[in-house]
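Next come the chains, spelled out residue by residue.
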Amino acid sequence: MRPSDDTLAGYNFAYLDEQTKRMIRRAILKAVAIPGYQVPFAGREMPLPYGWGTGGIQVTAAVIGPDDTLKVIDQGADDTTNAVSIRRFFATVANVATTEKTTEATVIQTRHRIPEKPLTEDQILVYQVPIPEPLRWMEARETETRKMHALEDYGVMHVKLYEDIAHLGRIATSYDYPVKVNGRYVMAPSPIPKFDNPKMDRMPALQLFGAGREKRIYAVPPYTRVESLDFEDHPFEVQTWDHACALCGSTESYLDEVVMDDQGGRMFVCSDTDFCGERQAAQAREAAE
Amino acid sequence: MMPFDLNTERPLLRVDGLARHYGDRIGCTDVSFDLWPGEVLGIVGESGSGKTTLLNTLSARLEPTAGRIEYRTRDGEVVDVYGLSEPRRRLLMRTEWGIVHQNPRDGLRMAVSAGANIGERLMAVGARHYGGIRAQAIDWMGRVEIKEERVDDLPRTFSGGMQQRLQIARNLVTGPRLVFMDEPTGGLDVSVQARLLDLLRTLVGQMGLSVVLVTHDLAVARLLAHRLMVMKDGRVVEQGLTDQVLDDPHHPYTQLLVSSVLQV
């Protein structure tokens with residue numbers, strides 16, 4: 001999938017100019033040095049609207065090299081609009097190889113999922129983040145939230161969880177579930193389902209988070225402790241399903257509910273298309289043998 | 001009125017030459033006093049006399065222009081309040097101090113339930129057991145005479161008096177030693193005011209709290225305060241025991257203030 005070596009005429013490699021990439025790399029280095037801390041950076045205008053992954057795209061542009069292989073997923077799927085257009089963007093402006101296979105990728109940009117297949121030390125996971133500030137819903141003032149982070153003043157995060165239990169009997173927050181990184185900073189994991197939170201803990205791959213509109217970069221270095229906030233008597237739990245994937249039969253993956261018709265027919269399928277596809281292919285091979 | 005402990009040798013709060021200026025204007029100036037454990041100090045004066053400026057400066061929310069505030073912590077250590085690092089100061093405010101605002105909206109989180117409002121301070125100092133936090137919240141609701149069944153209701157559905165009581169519970173749940181109150185009964189009708197005063201008096205007595213109370217209502221001051229400071233134009237014009245100041249005012253302004261109280 002590698003056409004030629006020269007990139008699109010008139011553009012620098014990976015769209016951003018070298019100075020900008022250096023600036024972003026400096027922010028990334030700082031973010032890696034202080035796990036979970038939101039580093040401000042001079043976010044650029046990108047050729048796609050805010051909310052479509054402008055932060056993730058800038059981080060990817062700053063870390064990707066000509067020998068990298070890029071995978072882009074949107075809600076676990078490789079074939080949705082956002083994923084396809086970002087993949088094509090980098091194929092055009094950076095001439096890099098792209099893939100839909102998790103194992104082949106060296107850089108994975110994601111919107112709202114972590115692949116089911118465990119990642120390795122050779123991979124970088126880049127998250128697109130809409131709202132990087134986990135305290136935002138409890139405290140609207142940015143000056144105050146920064147102080148709260150600086151002073152580790154995180155009592156309000158549990159107030160939110162308390163409210164969930166008081167009104168619904170359990171912690172109902174199901175995505176963007178707040179985590180504490182390396183025992184210090186409370187961090188928004190971007191709107192991944194809480195099902196994926198345990199995967200962040202001590203992940204061998206480097207995790208980078210880019211928020212384009214809010215102009216923040218933060219990171220979780222490989223093998224870093226990531227704990228989901230909870231109460232002693234209401235421990236953190238992930239979602240479970242009564243169904244297996246209708247296509248590949250997996251009972252361990254994150255399932256999407258798909259409405260089939262207007263008679264109430266629905267099916268549950270894996271949200272990670274690569275994971276599901278590979279399992280189906282393996283089953284087909286077995287059946288043929 | 002509960003007698004405070006006269007045997008404790010050292011004051012809880014020692015204020016020396018405190019001043020806060022707003023440019024050329026004086027917010028308050030040259031304020032010095034000692035506050036002893038278990039003592040309730042009333043600050044009275046007309047509006048604009050610098051009461052609230054003084055209270056904010058005392059409670060570490062408004063940097064003073066001059067002067068010094070020393071506080072003796074639970075461990076017996078004497079600290080300079082504005083010399084502390086910000087994390088220590090915040091910890092102090094969360095664990096040893098309480099602040100009851102005139103308007104409950106300033107002191108409560110209106111968008112979260114009463115139980116969470118009371119539990120917030122507990123969670124801020126590390127409580128992580130939901131059942132325990134909730135039990136304490138319910139206990140405190142009882143102590144401030146709010147029905148247990150309202151524990152999951154939002155404070156905005158509460159009456160003014162209930163909101164004020166909730167604010168008091170939220171402050172007292174971590175067992176502070178010093179509470180700052182800014183017109184705690186302001187805006188409440190008289191019967192509700194009377195019950196709130198009763199409650200405050202009981203709690204102050206039970207917990208041995210020290211209180212700095214700002215009010216323009218001399219009746220409130222007479223009921224709650226052991227000692228009074230009368231302020232005018234940012235200065236303390238008279239101070240002494242409450243009964244003394246109110247029954248035998250010396251300064252002309254205090255005399256005016258006392259004689260202006262409407263008699264029913």
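Residues numbered from 1 in each chain as written. Chains lettered and ligands numbered in written order. Predicted model: local features only at pLDDT ≥ 70, side-chain atom pairs only at ≥ 80, totals over all residues. Heavy atoms only, no water.

### Notes on the overall build of chain B
Thinking step 1. Looking only at helices and strands, one finds 10 helices and 10 strands in chain B.
Thinking step 2. Radius of gyration (C-alpha) of chain B: 18 Å, near the 18 Å computed for a compact globule of 264 residues.
Thinking step 3. The principal-axis extents of the C-alpha atoms in chain B amount to approximately 55 × 50 × 40 Å.
Thinking step 4. Per-residue burial for chain B yields a buried fraction of 53% across its 264 residues.
Thinking step 5. Taking the contacts inside chain B whose residues are at least 6 apart along the sequence as the reference set, 67% of them involve residues at least 24 apart.
Thinking step 6. On chain B, roughly 11700 Å² of surface is accessible, and the fraction owed to carbon and sulfur atoms is 49%.
Thinking step 7. One finds the centroid of the 31 positive side-chain charges in chain B at a distance of 6 Å from the centroid of its 33 negative side-chain charges. (Helix = DSSP H or I, 4+ residues; strand = E, 2+ residues; numbered from the N terminus. Rg over C-alpha atoms; globule rule 2.2 N^0.38 Å. Buried < 20%, exposed > 50% of the residue type's maximum accessible area, 1.4 Å probe, protein only. Contact = heavy atoms within 4.5 Å. Areas by Shrake-Rupley, 256 points an atom, 1.4 Å probe, with all protein chains shown as cover. Lys, Arg positive; Asp, Glu negative; His and termini not counted. Charge placed at Lys NZ, Arg CZ, Asp CG, Glu CD.)

### Concerning the nonpolar core
Thinking step 1. A:Tyr162, A:Phe231, B:Ile118 and B:Trp140 are the most contacted members of the largest nonpolar core, which has 66 residues in total.
Thinking step 2. The dominant element in this core, judged by the number of residues it contributes, is helix H5 (residues 155-168) of chain A, at seven residues.
Thinking step 3. Dropping the residues within four chain positions of it, A:Tyr162 is found in contact with A:Phe231, B:Ser113, B:Gly115, B:Ala116, B:Met123, B:Tyr130, B:Ile133, B:Arg134 and B:Val151.
Thinking step 4. Membership of the second largest hydrophobic core comes to 32 residues, among which are A:Met46, A:Phe90, A:Ala94 and A:Val107. (Core = buried A, V, L, I, M, F, W, Y, C linked by side-chain atoms within 4.5 Å.)

### Considering the sheet that holds strand S1 (residues 13-22) of chain B
All names here are of chain B.
Thinking step 1. Strands sit in the order S2-S1-S4-S5 across an open sheet of four strands; the sheet is antiparallel. Edge strands, defined here as strands with exactly one partner in the open sheet, are strand S2 (25-35) and strand S5 (78-80). If you compare each strand with its neighbour and ignore which way they point, the axes differ by 20 degrees on average.
Thinking step 2. Both S1 and S2 contribute to a ladder of seven bridges, which runs antiparallel. The residue of S2 that forms the bridge with Arg14 is Asp34.
Thinking step 3. Running at roughly 125 degrees to S1, helix H1 (residues 51-58) makes contact with S1, S2 and strand S4 (66-72) of the sheet. (Pairing = 2+ DSSP bridges. Axes fitted to C-alpha atoms, helices over the stretch in contact; angles between N-to-C directions.)

### What about the interface of chain A and chain B?
Thinking step 1. The interface is formed by 20 residues belonging to chain A together with 21 residues belonging to chain B.
Thinking step 2. Here chain A packs against chain B, burying approximately 1900 Å² in sum over the two surfaces, 60% of which is carbon and sulfur.
Thinking step 3. Linking chain A to chain B there are three salt bridges.
Thinking step 4. Among the ionic pairs, B:Arg94 bridges to A:Asp153, the shortest N-O distance being 2.7 Å.
Thinking step 5. Where chain A packs against chain B, one counts 12 residue pairs in polar contact (both at pLDDT 80 or more). (Buried area = accessible area lost by both parts, 1.4 Å probe. Salt bridge = Lys/Arg side-chain N within 4 Å of Asp/Glu carboxyl O. Polar contact = N/O pair within 3.5 Å; in protein donor to acceptor, adjacent residues only side chain to side chain.)

### A word on the confidence of the model for chain B
Detailed reading of the predicted coordinates is not advisable wherever pLDDT falls low.
Thinking step 1. For chain B, the average pLDDT comes to 90, and 96% of its residues sit at 70 or higher.
Thinking step 2. Model confidence for the complex: the whole-complex pTM is 0.85, and ipTM, which rates the interface, is 0.83. (pLDDT = per-residue confidence, 0-100.)

### Some remarks on the packing of aromatic side chains
Residue and element names in this part refer to chain A.
Thinking step 1. Within the structure shown, the criterion is met by 14 aromatic pairs over all chains.
Thinking step 2. A ring pair is formed by Trp241 and Tyr254, whose centres lie 5.0 Å apart and whose planes are at 90 degrees; its orientation type is edge-to-face. Of the two residues, Trp241 is situated in the loop between strand S10 (226-228) and strand S11 (255-259) and Tyr254 in the loop between S10 and S11; the sequence distance between them amounts to 13 residues.
Thinking step 3. Residue Trp241 is classed as partly exposed on the basis of its relative accessible area, which comes to 24%.
Thinking step 4. Classification of Tyr254 as buried rests on a relative accessible area of 17%.
Thinking step 5. Through pairs of rings, three or more aromatic residues link up here, namely Tyr11, Tyr15, Phe89 and Phe90.
Thinking step 6. Taking the ring centre of Tyr185 as reference, the NZ or CZ of Arg184 above it sits at 4.2 Å. (Phe/Tyr/Trp six-rings, centres within 6.5 Å; stacked < 30°, edge-to-face > 60°. Lys NZ or Arg CZ within 6 Å of the ring centre and 35° of its normal.)

### Remarks on the layout of surface pockets
Thinking step 1. Considered as a void within the structure, the largest pocket measures approximately 1200 Å³ in volume.
Thinking step 2. Looking at the largest pocket, it is lined by 34 residues, and the ones nearest its centre are A:Arg141, A:Glu144, B:Arg90, B:Met93 and B:Arg170.
Thinking step 3. Secondary structure elements with two or more residues in the lining of the largest pocket: helix H4 (142-150) and H5 of chain A together with helix H2 (86-95), strand S6 (97-100), helix H3 (104-107), helix H4 (114-124) and helix H6 (160-172) of chain B.
Thinking step 4. Here the lining of the largest pocket takes five residues from H2(B), the largest share from any one element. (1 Å grid on protein atoms, 1.4 Å probe; cavity = no way out; pocket = protein on both sides within 12 Å on 5 of 7 lines; lining within 4 Å. Points joined across faces, edges and corners; volume = space filled by probe spheres on them.)

### Thoughts on the pattern of salt bridges
Thinking step 1. A full pass over the atoms with the stated rule returns 37 salt bridges over all chains.
Thinking step 2. Across the pair B:Asp139 and B:Arg143 runs a salt bridge, and its minimum N-O distance is 3.7 Å. In this pair, B:Asp139 and B:Arg143 both sit in helix H5 (residues 130-143), four residues apart, roughly one turn of the helix.
Thinking step 3. One network of salt bridges, with partners in common, ties together A:Glu144, A:Asp153, B:Glu86, B:Arg90 and B:Arg94.

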